[in-house]
Amino acid sequence: MSDTPKMQDFEILDHVPQLKALANPTRLSILSLIGTEPMTAAMLAKELDIPTQQANYHLNVLCEEGLAVEVRRGRKRWKEERFVGARARNYIVDPAIGCHDASASRAVRQSVEAAFVDWRRTQLLGIDLARIARRVVRENLCVREGQTVLVVLTPPALKFAGALQVEIRAVGALPRLHIWSRAVALHSLDNYTAEEFQSYEFIEPHLQRDIDAAILLSSNMPEEGSEPTPQQKEKFPLLLQSVSRWYGSLRERRIPLLELALPHRGEFEHGVASPEEAIDAFWTCLEADVDTLSKRIVALHERFRGAREVRVTCPQGTDVTVAVDVDHAFLSDGVISESDIAAGHPFEALPAGVLSFLPIPGTATGRVFTNHVFAGGLPFRDVTLTLRDGRIEAIESPNDVSALVGRIETATGDAKELAEIGVGLNPGASQTTGKPVLDACMDGAVTLTFGNNEQLGGKVQSTFTLILPARDRSLYVDGACVVENGAFGHGRSTD
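Residues numbered from 1 in each chain as written. Predicted model: local features only at pLDDT ≥ 70, side-chain atom pairs only at ≥ 80, totals over all residues. Heavy atoms only, no water.

### Quick look at unusual backbone geometry
Trans is the common state for peptide bonds, and a negative phi is the common state for residues other than glycine. The linkage connecting L350 with the following residue, P351, adopts the cis geometry, with an omega of -5°. As for its placement among the helices and strands, P351 is situated in the loop between β11 (347-350) and β12 (354-359). With a phi angle near 55°, D389 is a residue other than glycine that sits in the positive phi range. With respect to the secondary-structure elements, D389 resides in the loop between β14 (378-388) and β15 (391-396). (Helix = DSSP H or I, 4+ residues; strand = E, 2+ residues; numbered from the N terminus.)

Below, the structure written as structure tokens:
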């Protein structure tokens, strides 16, 4: 059955009938067996030494409650048999069933999700955080003995931050950790006035002066807590401006900054790809060979040389023409080298693999369609942007996008201006995941970004950035096709 969902790492059971179906030793044994490979009732009967009719009954119960699913059908002699597989490898009872405190049950559920993310990374993918940390410190950031490295982290990134700390010390450098969380942000908003935020330092001045490099470990994982007060919401853009000022100060001093947006299951539970497939794509792209990325990006950059105008189209209605500055391209191969720093590009994001150009201000005209937008922690479907003079003039959708419009309208700076045109070249994955910074680096993705391009050396500033990658777009450079429906040059690779 081609439409059968792929097996999940785990499923949280939140209905009493599911628990009743699970509360049977034979059915538990069956789930364990079909969690390894699909089996028929006859195969299970032989394995468990029970009648075939009894095995078939238990399979029916598991399928009716969504714990198992028919995978395919086969024929044994004159009889047709169905092969049934488990919906998930593991089943967890929703803590909300027995816990009456909503915040406590959410915290337990998040911890379960985080545990299975680690389990998949280590047990199924064989990815070791220590190995990743070694590569980030030694190859991507090129940390040297005697340097001081600031690691800014959100709470979900604590384990990886620990691995980075060990590796930074191993090369003879000094790590300094700085936690950034929802609670820290809200406390800051309570303790400083709007006037004080005009000079508020995101990182303490004495620490800022001492650092030679920085790593930002971000995550879209929502943190639980009460809704911000109106006073906090009013001052929040001022807090974000302090973060932008910190970015700007690093650029001015040419301090290398490496950003890594770690994945979590919650951001992939909106139907673009399964959480398992998306998280696999993240780690695969993260481990892409640096030399391969660099060669592919340089080869593609050559095809843009001397060009002045690009056109982006897609069958669903995208058709945008914009003049670009190809002489100041940003080649994201994952490494911040001495030459990058000298050229004024001390910033990189991982996973890497994007060739980016700055639009000439005021030149973008046309329409942009995207079937999925993930912004501000919320998914939006089938959105069309109308551009005029380089800016978003209108946002249309058959669905409710008021929250998206609100984020753009209330942002400090200019969230409506087209800020970047990017082409992805990372061969690690090809399936869209719904995580914008990950999808943007995938091979053949064409990305339009609105709102901020300071890290690329541009002039557009905004506290909200809208990243719109897609792998069904075509890109033309002065009329010549470079990317056609997500494939390079009529299906030819840039290798």
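### Considerations on the sheet that holds strand β6 (residues 174-179)
The strands making up a sheet associate through backbone hydrogen bonding, with each pair oriented either parallel or antiparallel. Ordered in space as β6-β5-β7-β8-β11, the five strands form an open sheet in which the pairing is parallel. The outermost strands of the open sheet, each flanked by one partner alone, are β6 and β11. When strand polarity is set aside, the average angle formed by the axes of neighbouring strands in this sheet is 20°. Looking at chain direction, strand β8 (residues 257-262) and β11 are connected through four bridges and run parallel. Note on β11: the bridge partner recorded for L257 is F347. Against the sheet, helix α11 (residues 230-253) makes contact with β5 (148-153), β7 (213-219) and β8, and its axis sits at roughly 140° relative to β8, the strand it touches most. (Pairing = 2+ DSSP bridges. Axes fitted to C-alpha atoms, helices over the stretch in contact; angles between N-to-C directions. Contact = heavy atoms within 4.5 Å.)

### Description of the side chain of D280
Structurally, D280 can be placed in helix α12 (residues 275-286). For D280, a relative accessible area of 19% puts it in the buried group. Beyond its immediate sequence surroundings of up to four residues, D280 is in contact with R120 and L125. (Buried < 20%, exposed > 50% of the residue type's maximum accessible area, 1.4 Å probe, protein only.)

### Quick notes on the packing of helix α7 (residues 129-140) against helix α8 (residues 158-170)
Across the interface, α7 lies against α8 with an axial gap of 8 Å and an inter-helix angle of 55°. The angle between the axes of α7 and α8 places the two elements in the oblique class. Relative to α8, α7 is oriented so that their crossing is right-handed. Residues L129, A130, I132, A133, R134, V136, V137 and R138 of α7 touch α8, and the partners they reach there are K159, F160, A163, L164, E167, I168 and A170. Its residues placed into classes, the contact of α7 with α8 shows 11 nonpolar, no polar and four charged. (Parallel < 35°, antiparallel > 145°, perpendicular 65-115°, else oblique. Left-handed = near helix turned anticlockwise from the far one by under 90°. Nonpolar A, V, L, I, M, F, W, Y, C, P; charged D, E, K, R; others polar.)

### Regarding the pattern of salt bridges
As enumerated under the stated definition, the model contains 22 salt bridges in all. Across the pair R120 and D9 runs a salt bridge whose closest N-O atoms are separated by 2.4 Å. Taken together, the positions of R120 in helix α6 (residues 102-124) and D9 in strand β1 (residues 8-13) put the pair 111 residues apart, joining distant regions of the chain. Look at R120 and you get buried, because its relative accessible area is 9%. The shortest N-O distance in the salt bridge between E167 and R134 comes to 3.7 Å. Separated by 33 residues along the polypeptide, E167 in helix α8 and R134 in helix α7 bring together distant segments of the chain. Judged by its relative accessible area of 38%, R134 is partly exposed. (Salt bridge = Lys/Arg side-chain N within 4 Å of Asp/Glu carboxyl O.)

### Details of the environment of M442
As for its position among the elements, M442 is in the loop between α16 (436-439) and β17 (446-450). The exposure class assigned to M442 is buried, which follows from its relative accessible area of 0%. Discounting residues that sit within four places of it in the chain, M442 has contacts with A281, G424, L425, N426, A429, S430, Q431, T432, T433 and R471.

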